[in-house]
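Below are the chains, spelled out letter by letter.
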Amino acid sequence: MAIAKAERLMNLALCLMNTRRPLSKKELRESVEAYREAWQQGSEDAFNRMFERDKDDLRELGLVIDVDENALDGEIGYLARRDRNRLPEIVLDAEEAAALTLVARVWQQAKMSGAASGALQKLRAAGVPFAEDTEHTALEPRIPAREAAFEPLLVAARDRRPVTFDYRKAGASAAEQRAVEPWALECWRGHWYLAGYDRDRQSARVFRLSRITGKVRSRAGSFTGEVPEHVDVRAHVARFAGEGAVTEGATATVRLRRGAAFPLRGRAIATTRVDEHWDELEIPYGYGLGADLAEFGPDVVVLGPDDLRADVIDRLRAVAGVGE
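Here is a short report on the structure shown in this document. (Residues numbered from 1 in each chain as written. Predicted model: local features only at pLDDT ≥ 70, side-chain atom pairs only at ≥ 80, totals over all residues. Heavy atoms only, no water.)

Let us look at the pattern of salt bridges. Applying the stated criterion to the full structure yields 22 salt bridges. Two residues, Arg29 and Glu44, come together in a salt bridge whose shortest N-O distance is 3.1 Å. Of this pair, Arg29 sits in helix 2 (residues 25-31) while Glu44 sits in helix 4 (residues 44-60), and the two are 15 residues apart along the sequence. Owing to a relative accessible area of 35%, Glu44 belongs among the partly exposed residues under this scheme. Across the pair Arg257 and Asp299 runs a salt bridge, and its minimum N-O distance is 2.8 Å. In this pair, Arg257 is assigned in strand 8 (residues 251-257) and Asp299 in the loop between helix 10 (289-294) and strand 11 (300-304), connecting sequence segments 42 residues apart. (Salt bridge = Lys/Arg side-chain N within 4 Å of Asp/Glu carboxyl O. Helix = DSSP H or I, 4+ residues; strand = E, 2+ residues; numbered from the N terminus. Buried < 20%, exposed > 50% of the residue type's maximum accessible area, 1.4 Å probe, protein only.)

Printed below as a string of structure tokens:
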């Protein structure tokens, strides 16, 4: 929303809420500077159109505006009664307050730590019973958000604004530019992921923020792809990171060096010890598993299927700069 329009809506809302009687259009026009300027520079019709749009926008935002057709000698009057636009009192018990404190501490290392702390201070000022010992709880949750791309992508997803960034796929030797319509961010297994619509590939994709290089650049225009009502980032990550099977029950067999590749061990359906140096694992075979396996380099040997083995070898050759 443009700053000028946001300011105009705020001024109109304040006028309607800070009056004891309904106000006519003429009174509102004299009270809101933007309306007065529109009327002086344009016409009565221009002001009327602007006022009607703003009134509808405020109602969409949840403001209840009463209309009195006989309030001012036959003129229509407008009023936003405080009793009908007051939020209900916030009442939290001790357990709910402790849960909120715990959630706020999650963001202590992230960009939203200031907003989380400010929210808790306001709730304390309102009398919410936060226990003093919650600051020293033994449970210390953390969701680190150290990637430089986190904040601009979060803002772009909130504002529905397309972005471009350079992205290095797993196993790739160089980054390539991606044009994305960001949907949502989620932390999974210690990494932040973005789910969105890839304009070049014309389909949903997920991106690990740690693989974004350089700056995230905002682009003008609106989204071209349809945004799902619910964005399950983890489901998208699972599909493209080897968690979701290509076909039902499809698995891959890999040999892992002992003491290495712990994330892969967590996915294993079955594990067999080969010798003192190697274990053999059976894991779900899904989209993007080749890229995931290539990250572990010499600690992983793919035994099958053959297409996965060839994929991993090609990726390792690309990183090493070795030709066919």
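What follows is about the sheet that holds strand 9 (residues 270-273). The 4 strands are arranged 9-10-8-11 in an open sheet whose pairing can be described as antiparallel. Because the sheet does not close on itself, it has two edges, and the strands there are strand 9 and strand 11. Recorded for the sheet is a direction-independent mean angle of 25 degrees between the axes of neighbouring strands. With 7 bridges joining them, strand 8 and strand 10 (residues 278-284) adopt antiparallel strand pairing. By the bridge assignment for strand 10, Arg257 is matched with Trp278. (Pairing = 2+ DSSP bridges. Axes fitted to C-alpha atoms, helices over the stretch in contact; angles between N-to-C directions.)

This part covers the sheet that holds strand 4 (residues 176-188). With respect to topology, 5 strands assemble into an open sheet ordered 6-5-4-3-7, the strand pairing being antiparallel. In this open sheet, the two strands that pair with only one neighbour each are strand 6 (203-208) and strand 7 (212-218). Averaged over all adjacent pairs, the angle separating strand axes in this sheet is 45 degrees, with direction ignored. Sheet analysis places strand 4 next to strand 5 (residues 191-198), joined by 8 bridges and oriented antiparallel. When the sheet's bridge partners are listed, Val180 is paired in strand 5 with Asp198. Each of strand 3 (163-167), strand 4, strand 5 and strand 7 touches helix 7 (residues 150-159); the most contacted strand, strand 4, lies at about 90 degrees to it. (Contact = heavy atoms within 4.5 Å.)

Below, the discussion takes up the environment of Ala148. One can find Ala148 in the loop between helix 6 (113-125) and helix 7. By relative accessible area, Ala148 is classed as exposed at 72%.

Only one face of strand 8 is covered, namely the face carrying Ala252, Val254 and Leu256; the face carrying Thr251, Thr253, Arg255 and Arg257 is uncovered. With 4 bridges connecting them, strand 8 and strand 11 associate as antiparallel partners. Residue Arg255 lies in a different strand from strand 11, and its bridge partner there is Val301.

Turning to the nonpolar core, a few remarks are in order. Across soluble globular proteins, you tend to see nonpolar side chains buried next to one another. Counting 18 residues, the largest nonpolar core has Leu12, Leu16, Leu28, Tyr35, Phe51 and Leu58 as its most contacted members. When residues of this core are traced back to their parent elements, those giving at least two are helix 1 (3-17), helix 3 (33-41) and helix 4. Ranked by the residues each element gives to this core, the list is headed by helix 1, at 5 residues. Excluding residues within four positions of it along the chain, Leu16 makes contact with Leu28, Ile65, Tyr78, Leu79 and Ala80. (Core = buried A, V, L, I, M, F, W, Y, C linked by side-chain atoms within 4.5 Å.)

Our focus in this paragraph is helix 7. Turning to helix 7, its buried residues are Phe150, Leu153, Ala156 and Ala157. An end-on view of helix 7 places all buried positions within 135 degrees of arc, on one side of the element. Considering only its buried residues, helix 7 is in contact with strand 3, strand 4, strand 5 and strand 7. Positive backbone phi, approximately 55 degrees, marks Arg160, located one or two places after helix 7. (Arc of directions from axis to C-beta.)

Right, let's talk about the packing of aromatic side chains for a bit. Here the structure, examined in full by the defined rule, presents 8 aromatic pairs. Between Tyr35 and Phe47, the ring centres sit 5.4 Å apart and the planes meet at 70 degrees, which makes this aromatic pair edge-to-face. In this pair, Tyr35 is assigned in helix 3 and Phe47 in helix 4, connecting sequence segments 12 residues apart. The same class applies to Tyr35 and to Phe47, which are both buried. Taking 6.1 Å as the distance between ring centres and 80 degrees as the angle between the ring planes, the aromatic pair formed by Tyr35 and Phe51 counts as edge-to-face. Note that Tyr35 is positioned in helix 3 and Phe51 in helix 4, a separation of 16 residues in sequence. By the burial criterion, Tyr35 is buried, and Phe51 matches it. In this structure an aromatic cluster arises from ring pairing among Tyr35, Phe47, Phe51 and Tyr78. Between the NZ or CZ atom of Arg29 and the centre of the ring of Phe47, over which it lies, the distance is 5.9 Å. (Phe/Tyr/Trp six-rings, centres within 6.5 Å; stacked < 30°, edge-to-face > 60°. Lys NZ or Arg CZ within 6 Å of the ring centre and 35° of its normal.)

Any functional reading would require information beyond the geometric quantities listed.
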